[in-house]
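Structure at a glance
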Amino acid sequence: MNFEEKLNKGFELLREKEIDYALDVARELQEEQPDSHEAFYLEALVMQQLNQWDISMKAIEKALELSDDNAPYYNLRGNVRMQLEKLKEAEEDFDKAIELNDTSAAHRNKVMLMLMTDRGQEAIPYLIDRIKKDPTDAENWILMGDMINKGGQPDKARTYYEQALKIDPDNEYARRQLEEEQ
């Protein structure tokens, strides 16, 4: 199996929640090719799944050292920093990820960060703008539904969850939110 095949196998193992095996693959790949940023990214993702934030941070830092123009890496480091309550640095990472590749995941994380830092009044128009720019992103509709639901407007939130299900009929979270409202 070549490097690329092993790497894909590592990501597949991670998706299947075979965490220990995915970590073995990441470490094996790091030994084979110490300059492979992808192998360190895989380790960072594995450690994130294990809530091993400090180890995840070391791995994603190494990945960024090897490839500093990679939006998913900044987005992951922002997530880790949020967990470590380094919120200013997390927002800088999300902004960098957005700058490099206007990714929806980084935008959603930025909204979550706004909510965590009591900037809900800033988060709502930001998220509305995201929905206007990408109306087919079900996760934005769900996030807006969650915000509105927490704001005490379950009927209005329902319309957002329903829209998310129109976009992504298999979305279990949106379906559960609608079922809980009944």
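What comes next concerns the included structure. As the structure is a computational prediction, the values presented were derived from the model and not from experiment.

About the thresholds
- Residues numbered from 1 in each chain as written.
- Predicted model: local features only at pLDDT ≥ 70, side-chain atom pairs only at ≥ 80, totals over all residues.
- Heavy atoms only, no water.
- Helix = DSSP H or I, 4+ residues; strand = E, 2+ residues; numbered from the N terminus.
- Buried < 20%, exposed > 50% of the residue type's maximum accessible area, 1.4 Å probe, protein only.
- Axes fitted to C-alpha atoms, helices over the stretch in contact; angles between N-to-C directions.
- Parallel < 35°, antiparallel > 145°, perpendicular 65-115°, else oblique.
- Contact = heavy atoms within 4.5 Å.
- Nonpolar A, V, L, I, M, F, W, Y, C, P; charged D, E, K, R; others polar.
- Expected span 1.5 Å × (residues − 1).
- Phe/Tyr/Trp six-rings, centres within 6.5 Å; stacked < 30°, edge-to-face > 60°.
- Lys NZ or Arg CZ within 6 Å of the ring centre and 35° of its normal.
- Salt bridge = Lys/Arg side-chain N within 4 Å of Asp/Glu carboxyl O.
- Core = buried A, V, L, I, M, F, W, Y, C linked by side-chain atoms within 4.5 Å.

This next bit is on the overall build of the chain. Within the chain one finds eleven helices and zero strands. Along the chain, from the amino end to the carboxyl end, the secondary structure elements read α-α-α-α-α-α-α-α-α-α-α. Dimensions of the chain, computed from C-alpha atoms along their principal axes, come out at roughly 55 × 35 × 25 Å. In the chain, buried positions account for 47% of the 182 residues.

Let us look at the packing of helix H1 (residues 3–15) against helix H3 (residues 37–49). Put simply, H1 and H3 touch, their axes get as near as 11 Å, and they point 10° apart. As judged from the angle between their axes, H1 and H3 are roughly parallel. The segment H1 lies against H3, with Phe3, Leu7, Gly10, Phe11 and Leu14 engaging Glu38, Ala39, Tyr41, Leu42, Leu45, Val46 and Gln49. Within the contact of H1 with H3, the residues separate by chemical class into nine nonpolar, two polar and one charged.

Quick look at helix H6 (residues 87–100) now. Under the 1.5 Å per step criterion, the end-to-end length of H6 is 20 Å for 14 residues, consistent within 8% with the ideal 20 Å. Here the buried face of H6 lies against helix H5 (71–83), helix H7 (104–116) and helix H8 (120–133).

Bringing the packing of aromatic side chains into the picture now. Considering all chains together, one arrives at three aromatic pairs under this definition. Ring plane angle 35° and centroid distance 5.6 Å describe the contact between tryptophan 141 and tyrosine 160, whose orientation is recorded as tilted. A residue pair is termed long-range when its members are at least 10 positions apart, and tryptophan 141 in helix H9 (residues 138–150) and tyrosine 160 in helix H10 (residues 154–167) qualify at 19 residues. Just as tryptophan 141 is buried, tyrosine 160 falls in that class too. Residue placement shows lysine 62 over the ring face of phenylalanine 40; its charged tip is 5.9 Å from the ring centre.

Here we take up the side chain of asparagine 79. Relative to the helices and strands, asparagine 79 is located in helix H5. Residues within four places of asparagine 79 in sequence aside, it is in contact with Gln48, Phe94 and Asn109.

Proximity of charged atoms lets side chains of opposite charge pair with each other. Throughout the structure, instances matching the rule amount to 18 salt bridges. In this structure, the salt-bridge partner of arginine 81 is aspartate 93, at a minimum N-O distance of 2.9 Å. Here aspartate 93 lies in helix H6 and arginine 81 lies in helix H5, a separation of twelve residues in the sequence. Lysine 110 is paired through a salt bridge with aspartate 95; the nearest N and O atoms lie 2.5 Å apart. Of the two residues, lysine 110 sits in helix H7 while aspartate 95 sits in helix H6, which places them 15 residues apart along the sequence. You can call lysine 110 buried: its relative accessible area is 10%. According to the relative accessible area criterion, aspartate 95 is partly exposed, its value standing at 33%. A single salt-bridge network, built from bridges that share partners, covers Glu91, Asp95, Lys110, Arg119 and Glu122.

Let us look at the nonpolar core. The tendency in soluble globular proteins is for nonpolar side chains to be buried as a group. Residues Leu14, Tyr41, Leu42, Val46, Ile60 and Leu76 are the most contacted members of the largest nonpolar core, which totals 33 residues. Elements supplying a minimum of two residues to this core: H1, helix H2 (19–32), H3, helix H4 (53–66), H5 and H6. Counting residues per element, this core draws most heavily on H3, which supplies eight residues. Counting residues in hydrophobic clusters, the runner-up holds 19 residues, among them Leu143, Met147, Tyr160 and Ala164.

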